[in-house]
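Here are the chains, one letter per residue:
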Amino acid sequence: MSAEEENFPRGGVRKKPTDTAKFKSRKNADRDLFKVHSDTRVPKKRKSSQKAEEKQNPKKQKLGTEASFTPNSGQIELLTHKMICSGMLTLAVVKEVRDYELVVSLPNNLTGTVAITAISDTYTELLQKVADQSLDTDEDVHSLDDLFQVGQIVRCKVMDVKQISKGNTSIKLSIKPSDVNVNVTASSLKTGQVLCGTVVSQEDHGYVIDLGVKGVKTFLSNDDAEKFIQVCNDGFSLKLAQYLHCYVQTTDHIGMLAGESRSVHVTIDPSKVMTSKVTPNMKLSFFFLVPGMVVTAQIEKVTQNGLVVGFLSYKAAIHSTHLPKKPKEYEVQQKIQACVLFIHPTTKLVSLSYLPHLLNNPSKPCSLFTGVQYGDFVERAKITWVESSRGLGFQLTETLKGFCMLRNVSDKKVISLKNQFSPGDTHRCRVIGFNYLEAVVLVSLRESHLTRQFMKLTDIQLGSVVECQVRAIHDSGMSVKLDKWTKGFISSLHLADVPLKHPEKKFKEGDKLKCRVLQIDLAKAKLFLTNKRSLVNSKLPVISSYDQMEPGMEAEGFIANIKDRGVLVVFYNKIKGWVHKDELSTERVPDPGKVFYLGQVVRCRVLSVQPSQQRAQLSFKLGGAGLVSKQQKSTPAPEDFKIGKIVDCKVVRKKDSGLDVTVLSSDTPAYLPKPHLSDSRENCQQLMKLYQVGDVIKEVMYLTHTSHTLVTHKFSHIQASRDGSLVSQFSEIQPGLLLPGTIKNIMEYGVFVEFPGGMFGLAPNKFICDRRLSDISAEFPVGTSVSAKVVEVDQEKSRFLVSLRLADCYHGNNENMLEVMSTVLMEREEIRAGLQKKRKDRALKQLSSLADLTVGKLVPVTITNQNRSVVSCDLGNEIRGMCNKDLIEGQTLENGRQHEAVVLCVNLAELSVDLSLNEEHIRAAKHRKENRFTKVKEGQIIKGEIILVKPDFAVVGLRGHALGGYAYLPVRKHLNDVLEKVKFSVGEVKSVFIKSVENGLVIGNWLEYVESGETTGEGHVYDIRKPGLQLGTIAKALVKAVHDLQMNVIVRNSPGRVHITQVPDNTVVGSFPMKKYKDFVGQRISVKVVGFREVKTHKFLPFSHANAIKSIPECSLLPSVLEKKGLRPGEEIKAKKFKVGDTVTAYVDHFSGQYLWFVVTHTVRGRAHVLHLSTDAKVVDERTERYQPGQVCQATVLQVMDRGELELSLIGVPEVIRAGCLTLGLVIGRTHNETALNLHLWGNYIGRVWLTDVMDKYRDNPLKGFRDGQCVRCRVLSCDLQTSDSEGRHLCSLSLRPSRCRADAKKKVVVDPDVQNLRDLKEGQILRGFVIKHSSSGIIVCLGHGITGLAIFENISEYFIKDPQVAYPPGKVVTVKILSINRDTEKLQLSFLKRDTGVAEDVPSEVLGTKRDKTKKMSKTPEEEVSDSVKVKRKSYGEEEGSRKKRLKTSDSDDTSKTLHKVSGVKDEGKSSDEDDTDDESDSGVDFGDEQVATVQPDKPLPRLQVSEDFNWDVDYSTIAPPTRQDEISSDSEEETVEQKSSRKSKKAVLKEQKVEEKRLFELEKEQKSGAQQPQTADDFDRMVLESPDSSLVWLRYVAYHLEMTEIEKARAVLERALQTINFREEQEKLNIWVGYLNLENMYGTEESLNSVLTQALRQNDQLSVYSQLINIYVKSAKIEEGEKLYQTIVKKFSGNKEVWVKFGLFYFKHDNTEAGRKLLQRCLKSLPKQEHLEVISKFAQLEFKFGEAERGKTMFENILSNYPKRTDLWSVYIDMVTKLDEVDMARQLFERVINLKLSVKKMKFFFKKYLDFEKSYGTEESMLSVKQKALEYVESRGSLDELEN
């Protein structure tokens, strides 16, 4: 039907013209298509003339018809501002892509903008979701820069035209398909059309496209998009809202017209889009034309301005600007291909374009202006045409055309363009723009353009000095302009060299400034300047890239950030460099924030640069103060170079960072860094001042050599070299080694320690100290000497971790610290002596005066000041003295008076002296005399008083014979000791052990570290030879206690132990070695220290020192160890020295689960499974009594496990599990129906024992006597090695029968035969079995190993049984007779009846009902069974009675009863059958499985049944369902008497019986469908899946049925069937099947099978859904590790999905792994967009409340709400969380905080109600009234009581 017929329906009364006009105006208002603007050039008509015209031609006002208008006759016009109007359709080309709009080129150099909301409806919806924060992820919301490219062709609709100013018009456009294709209808779509569209969504097989055509769904397949993706989209998939040119490929045009088909398939193949064109066969109406359509046009007229052409049945114009050649070169009647350029909605003017770039490939932007850039000069541009009203045309190059608009011809007004310019003239012009639509370069001849300095930002050079003018002053800075077109900005930081609080007082609008270009942001087209005079006037090089930097280069920048570790300096173009704290100045800068300020201009030197990593290290130390490695050329290593070698050197040059030295032995240069002068940082400073050029430094050690040789003078390194414990290569590093090192660098995550050989180890924060340090750099500054223990080595990456904790590095021996302290003090003496020699040096004059002062010397002092704690004194030469108030006893002090004082310590760094004014100290110093009686000797123990405590040592005043003498004691126990320093107090008296006396320097140790020995003199003087414990030390130990596995001893005041493996014994199996040492308690024995072990100490509270540990010595009593000289670390036995098959001596430790744990050595443990303890089941059963802790056992190594533990066996190597072998098993449970016993076997095996395999003589409930954990001997019958469960264990069939398991099996009497397969049975056989299950048909009995049979109710008892479950419970022994065996289906029919078995029924009388009617036939024997039961196909429920009677025809013969053919179809329920005739009988059969079993057994054989000709033997018997209840079994199954056997049924009786049977079957099927009747056999399930093939529930019930029968393979087969059967549209049902499949493989399959199913499931379902379901499966099966690994995979694949991260966090928190959950939060915040952070953090905060630390959760909520105080949803959640913790007061505080916020009335109403409800539950009446009062006050403040309701 044509469009005209649609708009003018046939029939009816013709509307008046006025009605038509109203209709038109209404429609125009809706569409805004033909609105005529006042600025259009179409002449207005008077209303009278318009009405007259309407009367003459009313059809002219109709829309959508060709007769409604006369298209423009082909007037050639250019599109102008006056001509363009709303509703106009035009072609455009993207000119510029901005953040929130597109700038496009329109015809005739017009420019329009497309707002971000006018791209597509899909894009607008996405933006709205982002604004509402309701979008799950913003990955699909691409920027306009991602969706569009400059030069891209688009089709637009003009939405609005506004004149902003004179000559400046704003044109708002839309490229929405719904706007551009608004006139296109479904019926107008034709194959071959090209329409614009946008991507709505991406599906599995393609994309959904929006064409803007109402009621039409558009689909783009992946195949149709592939070529575009490769050619035009750089291989990337299409993006949401991407703009496309779509070629209509298939449409059902007839269906479209009929409204039946609404689906369109399109392609974006560039080749098809390029070749598409509108043909007359498409019969497109004028209103269905859109810009960009290619048509075949015939030239009708050639003019100077262009061509008039005809296409289809319309006329159009082509302006000369849209012709590749001049108009005169075309001929009339010539046919050309052109595209629609624009369509005017009012004048119906159609303009075409013949430009090649618009016709060739609209899908891909083409490069039109290669070689020409904005601002370029064209020296000789040739004029090609002159048009007074427009401007000048130029030929710039052979291929490029130019155009100069009239306003750009000259700065002055041009009176006559043609008089001044002529075609052929050449001019110098400048490029000022591009017209992408018409492929024309816009140029200018204006002098202002030609002389303009900056046409674009790239013309401005970074760092160049420019002049600018102030435009405006803002809070953030100042905007300036370089010229009329170029704008810039100066931030507030760069307004001046110093920060300005009021810049408006210094700068005024219009001021001219000279600035320097700081940064150019081309992406945002912004220019940043600096007005700092220091930078503007700088003569140093401008650094604008990292490649410009070179080590040693100096430049100026400004400070952008200040931290405690240093400052960040920024140069031009955001080039940054870091200045470490040590490089800020030649003097120490403790707080950079107090010295420097933000924005400060600084001059710095480049130390190093890494351009690839965009990093640079800078220094404020100028003039060559850097490290030698950065300042000098490389030098070769000395000939005698070897790391650790000790040499002497000579100083050749001094630097701030160290000393350049020459090694005397080889005369080669080396470098001694300042931190390596001493182990003391204070001494390093003084030694740097002391050493001068030419001085010789004794004993330095080669440290490393890279480009230079480095040496060290640290005693800790030199001592390690002498001891031979120095490590110089990475291959020598092993866990457990203690190495000397130096702190090299401090990071947020730990510190790097430098070791000899240039090796670096990382000490993570947790390994730095035993307690957390708030400031690591304060305790371990760079250069500090430390001792580090290697804890982990990564050989592949050549890196290692170390620990600095005392618990790892300190073992109770401070010998090394004594030596270090002694060396440091000796260095101080060396410095003092050196300063005395250099008295003449003026720079050292003051230090020389200090050098004259020695400890214990009496000096005169003058009191200068006194305060509460310290007395200040003056010693002359500007030397200050300090005396603690505790040391002025016996003195009366006055300021200005002179006193005598004793020197205690000289502080060279501070130019001060510590003194004592104590009268006793002064008196002792005066009377002190040095002789042999007062001399202090090594090894003495002398009482002493603590006089002075310094950070590294304490000064002790000795007493007794050494009165007046002083000694030094270490304050620190170890180099790494920063927290547990020995706490001394002044005045405390200690016993001091004299360690050494050298050059008058007495070094002592406090007595707690040493053990009292033999007295060498009287009183208090002792001689101690071995003061500490070391590896290999032999000492006397006091036995404190003796346990089963160890002996606790005290060795030199240190607790230790002797392990049972270190006790001498003959290791007799079964003995207890520790028992003979029970009597040694309190005695002393000789032991040898063989190692140390770490144990937790209870010295501190657990919450303050959770990880507090200490080291205790491991000792040995073994003679072989005591006799051995020395012992090196690592000599203890480790598990890796054992191998499989070794025999070891093991000592019983304890039982844990199914394992007995042993100790093999003091470092190696082992375990043995209880089944490997003995071959005697009784012994294993009594294992806890047979194996006691400390007992000696002989074991065989079966396996060495990963952690070094051993898998042991006490029975040798056990026999491999195989069929026929005897083994032991542990009872681990029963099957759910109590039909089998489950046993655990050794290895990867589990066993199952059926009821019939338990004993040779059956008894009821045979499993009752077994308990979990019981050990039994069993025989393996078979073993399935092909399948395994989820833990990889194989299933074995076992037997516990004594006839199989005992040695005297032949003597055992087997009462009940061992039935292993169906071949062992025969029909008529009588045997016993176990009841295992009840079904709706009867009772299932187990006769043998996995062999079951069914006894239907008629063959169970002669009476009706009220409750079969009570009469025959599972596990009951019954005697049965086998009536029939179907060996194909492995089905058995059984009988319990006495007449069959000869055994009376053992049934309680109370469950027996009435006796069955004995007039019925007896059950047939197998030999007498007659094939007289036949099935008839079902009929529909509405089948007529007559038809049913006809099909129930039977044949009879010789006095035999007629055989009734059962049917499964039933009649309508509304019809009832007669119930009067009840005397008719017939034979009946019961369907069991796949076969029909006769239940009639006559007394004598019956004649063969005569079957009629129309009888069908091939009817499917499986469709007949079994009876469901006992009372539903028809009377056909009852016994018959002999007299009734010969009687015949009447026809009426047969029909009546048939009706009853049909009704019964109908009820049966209803119950099965409703679920009331549960299917019992595979056939029942087959019927169910046929009825409901798409129901996953039915299929999964079928699978569960097979799993109950342990038929795993059949269950898999059912799942495969389900996946193939369920309709592909039922995605959720299929997913349910896949989940069931995964569950099955997880429980019964292997890891490979599970992965295989998972791969298939991921391929066919939503991956995230599958992963989530598998996670749930893992969690339910307690496979937490597998769940965590899977979550790691999920978060990598779906890192942008916040729900995945939250669920992963919940997983961690639920499984008590809160630390991992917290780290996960940090990971997810790096992956998720910022708008998602708030919600995710709140979710994790809730997890902290529920599973973690509530305080942490509160902190997280407080941080969130401090930044987002008006997020009422978070307030509500926070309050709820706190309320659940029963913290009522805090919840009340939160309510008070939130009701005082400035929120909307609606939100306040919510919180007041919530507050009131809270007080109702937790508060009092007063608190409730208080809330109401506050609510009332709020309402009154709002001015209305209606605003809030209680």
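All of these numbers come straight from a predicted model, not from anything done at the bench. (Residues numbered from 1 in each chain as written. Predicted model: local features only at pLDDT ≥ 70, side-chain atom pairs only at ≥ 80, totals over all residues. Heavy atoms only, no water.)

Let's talk about the sheet that holds strand 61 (residues 1222–1230)
On the basis of which strands lie adjacent, the closed barrel formed by five strands has the order 61-62-63-65-64 and mixed pairing. Going from strand to strand, the sheet's axes swing by 50 degrees on average, the running direction of each strand aside. In this sheet, strand 65 (residues 1290–1295) lies alongside strand 63 (residues 1245–1250) in parallel orientation, the contact comprising five bridges. Residue pairing for strand 65: Y1245 is matched across the bridge by H1290. (Pairing = 2+ DSSP bridges. Helix = DSSP H or I, 4+ residues; strand = E, 2+ residues; numbered from the N terminus. Axes fitted to C-alpha atoms, helices over the stretch in contact; angles between N-to-C directions.)

Quick look at the confidence of the model for the protein
The pLDDT averaged across the protein works out to 78; a share of 81% of its residues lies at or above 70. Taken as a whole, residues 1009–1027 scores under 50 in pLDDT and shows 37 contacts with residues more than four places along the chain or in a different chain. In this model residues 1840–1846 is a low-confidence stretch, pLDDT under 50, and it forms 14 contacts with partners more than four residues away in sequence or in other chains. (pLDDT = per-residue confidence, 0-100. Contact = heavy atoms within 4.5 Å.)

Notes on the pattern of salt bridges
Any two side chains of opposite charge can pair if their charged atoms end up close together. Here the structure, examined in full by the defined rule, presents 51 salt bridges. A salt bridge links E1609 to R1612; its shortest N-O distance comes to 2.8 Å. Placement of the pair is E1609 and R1612 together in helix 34 (residues 1608–1621), with a separation of three residues, close to one helical turn. Classification of E1609 by relative accessible area gives partly exposed; the value is 47%. When salt bridges that share partners are traced, they join E1715, R1718, E1744, E1749 and R1752 into one network. (Salt bridge = Lys/Arg side-chain N within 4 Å of Asp/Glu carboxyl O. Buried < 20%, exposed > 50% of the residue type's maximum accessible area, 1.4 Å probe, protein only.)

Here we look at empty space enclosed by the protein
For the coordinates displayed, the defined rule picks out 17 cavities of 30 Å³ or more. What the largest cavity holds in volume is close to 200 Å³. Lining the largest cavity we find 19 residues, and of these R828, E829, R832, V855 and V906 sit closest to its centre. At the level of elements, helix 16 (681–690), helix 20 (815–837), helix 21 (845–851) and strand 44 (898–907) are the ones that each hand at least two residues to the lining of the largest cavity. In terms of residue count, helix 20 provides more of the lining of the largest cavity than any other element does, five residues in total. Among the residues forming the lining of the largest cavity, the class breakdown is twelve nonpolar, three polar and four charged. (1 Å grid on protein atoms, 1.4 Å probe; cavity = no way out; pocket = protein on both sides within 12 Å on 5 of 7 lines; lining within 4 Å. Points joined across faces, edges and corners; volume = space filled by probe spheres on them. Nonpolar A, V, L, I, M, F, W, Y, C, P; charged D, E, K, R; others polar.)

What to know about the pairing of strand 38 (residues 759–764)
Counting buried positions along strand 38 gives five out of six residues, so the element sits mostly inside the fold. Taken together, the six bridges between strand 37 (residues 750–755) and strand 38 define a ladder with antiparallel strand orientation. What sits directly across from V751, in strand 38, is A763. The turn linking strand 37 back onto strand 38 is made up of three residues, and G757 within it adopts a positive phi angle of 90 degrees.

Points about the packing of aromatic side chains
Under the counting rule described, the total for this entry stands at 34 aromatic pairs. Ring geometry for F286 and Y314: centres 5.4 Å apart, planes at 70 degrees, overall edge-to-face. On the criterion of sequence distance, the pair formed by F286 in the loop between helix 9 (270–275) and strand 11 (294–302) and Y314 in strand 13 (residues 314–319) is long-range, its members being 28 residues apart. On the basis of relative accessibility, which here comes to 3%, the residue F286 falls in the buried class. Taking relative accessible area as the criterion, Y314 reaches 6% and is therefore assigned buried. Ring centres 4.7 Å apart and planes at 50 degrees place the aromatic pair Y1258 and F1330 in the tilted group. Residue Y1258 is located in the loop between strand 63 and strand 64 (1271–1280), and its partner F1330 is located in strand 66 (residues 1326–1334); the two are separated by 72 residues in the primary sequence. The same class applies to Y1258 as to F1330, namely buried. Taken together through their ring pairs, the aromatic side chains of F286, F287, F311 and Y314 make up a single cluster. In this structure, K325 packs its charged tip against the face of Y330, placed 5.2 Å from the ring centre. (Phe/Tyr/Trp six-rings, centres within 6.5 Å; stacked < 30°, edge-to-face > 60°. Lys NZ or Arg CZ within 6 Å of the ring centre and 35° of its normal.)

Regarding the environment of T1779
As for its position among the elements, T1779 is in helix 43 (residues 1768–1780). The exposure class of T1779 is buried, given its relative accessible area of 13%. Sequence separation between T1779 and Y1818 is 39 residues; the distance between their C-alpha atoms is 9.4 Å. Those residues in contact with T1779, other than ones at most four positions away along the chain, are A1787, F1814 and Y1818. One polar contact links the side chain of T1779 to the main-chain carbonyl oxygen of I1775, over a distance of 2.6 Å. (Polar contact = N/O pair within 3.5 Å; in protein donor to acceptor, adjacent residues only side chain to side chain.)

Regarding helix 37 (residues 1663–1676)
Every α-helical turn comprises 3.6 residues, leaving residues that sit three or four positions apart pointing alike. Under the 1.5 Å per step criterion, the end-to-end length of helix 37 is 20 Å for 14 residues, consistent within 8% with the ideal 20 Å. Those residues of helix 37 that are buried lie in contact with helix 35 (1627–1644), helix 36 (1647–1660) and helix 38 (1680–1693). One or two steps after helix 37, the chain reaches A1678, where phi turns positive at roughly 60 degrees. (Expected span 1.5 Å × (residues − 1).)

A word on the nonpolar core
Core analysis: the largest hydrophobic core is formed by 84 residues, its most contacted members being L1638, L1670, C1724, F1740 and Y1774. If you look at the next biggest cluster of nonpolar residues, it comprises 64 residues, including I84, L102, L417 and F421. (Core = buried A, V, L, I, M, F, W, Y, C linked by side-chain atoms within 4.5 Å.)

Comments concerning helix 39 (residues 1698–1710)
With 13 residues, helix 39 extends 18 Å from end C-alpha to end C-alpha; this agrees with the ideal 18 Å at 1.5 Å per step. Where helix 39 is concerned, the buried positions are K1698, V1700, W1701, V1702, F1704, G1705, F1707, Y1708 and F1709. In the core, the buried residues of helix 39 are packed alongside helix 37, helix 38, helix 40 (1714–1727) and helix 41 (1730–1747). At the N-terminal boundary of helix 39, the capping side chain belongs to N1697, with an oxygen 2.9 Å from the backbone nitrogen of E1699. With its phi angle positive at about 60 degrees, D1712 sits one or two positions after the end of helix 39.

Some points on the sheet that holds strand 20 (residues 440–444)
In spatial order, the strands read 16-17-18-20-19; together these five strands close into a barrel with mixed pairing. When strand polarity is set aside, the average angle formed by the axes of neighbouring strands in this sheet is 50 degrees. Two strands pair when backbone bridges link them, and strand 18 (residues 401–405) and strand 20 are joined in this way by three bridges, in the parallel orientation. In the sheet register, F403 faces strand 20, and the bridge partner there is L442.

Overview of a positive patch on the surface
On the surface, K524, K526, K574 and K576 cluster together into a positively charged patch. Positionally, K576 belongs in strand 28 (residues 576–580). (Patch = residues over 30% accessible without salt bridge, like charges linked within 9 Å, V, L, I, M, F, W, Y side chains within 5 Å. Areas by Shrake-Rupley, 256 points an atom, 1.4 Å probe, with all protein chains shown as cover. Lys, Arg positive; Asp, Glu negative; His and termini not counted. Charge placed at Lys NZ, Arg CZ, Asp CG, Glu CD.)

Overview of the packing of helix 38 against helix 39
The contact between helix 38 and helix 39 brings their axes to 10 Å, and the two run at 160 degrees. Viewed along their axes, helix 38 and helix 39 adopt a mutual orientation that is roughly antiparallel. With respect to the hand of their crossing, helix 38 and helix 39 are arranged in left-handed fashion. Taking contact as the criterion, the partners of I1680, G1683, E1684, Y1687, Q1688, I1690 and V1691 in helix 38 are, on helix 39, V1700, W1701, K1703, F1704, F1707 and Y1708. Across the contact of helix 38 with helix 39, the residue classes tally to nine nonpolar, two polar and two charged. (Parallel < 35°, antiparallel > 145°, perpendicular 65-115°, else oblique. Left-handed = near helix turned anticlockwise from the far one by under 90°.)

A few points about the packing of helix 39 against helix 40
Where helix 39 contacts helix 40, the two axes come as close as 8 Å, and the packing angle between them is 170 degrees. One finds that helix 39 runs roughly antiparallel with respect to helix 40. Each of W1701, F1704, G1705, Y1708 and F1709 in helix 39 lies in contact with helix 40, whose residues at this interface are T1714, A1716, G1717, R1718, L1720, R1723, C1724 and S1727.

Focus: the state of the cysteines
As enumerated under the stated definition, the model contains zero disulfides in all. No disulfide involves C246; its nearest neighbouring cysteine sulfur is the one of C196, lying 8.0 Å away. Note on C246: relative accessible area 1%, which makes it buried. (Disulfide = S-S within 2.5 Å.)

Structural notes on a negative patch on the surface
On the surface, E203, D204, E1627 and D1662 cluster together into a negatively charged patch. Assignment of secondary structure puts E1627 in helix 35.

Overview of unusual backbone geometry
In this structure, N109 takes a positive phi of about 65 degrees despite not being glycine. Tracing the sequence through the fold places N109 in the loop between strand 2 (101–105) and strand 3 (111–115).

Considering the pairing of strand 16 (residues 377–387)
Sheet topology note: the strand 16/strand 19 (residues 426–435) ladder contains four bridges and is antiparallel. Across the sheet, the residue bridging to F377 is R430, located in strand 19. In the sheet, strand 16 pairs with strand 17 (residues 391–395) via five bridges, with the strands oriented antiparallel. Following the sheet pairing, I383 is matched in strand 17 by F394.

Some remarks on the environment of R799
Turning to its location among the elements, R799 is positioned in strand 40 (residues 799–803). Judged by relative accessible area, which is 48%, R799 ranks as partly exposed. C-alpha of R799 to C-alpha of I733: the two residues are 66 residues apart in sequence and 9.9 Å apart in space.

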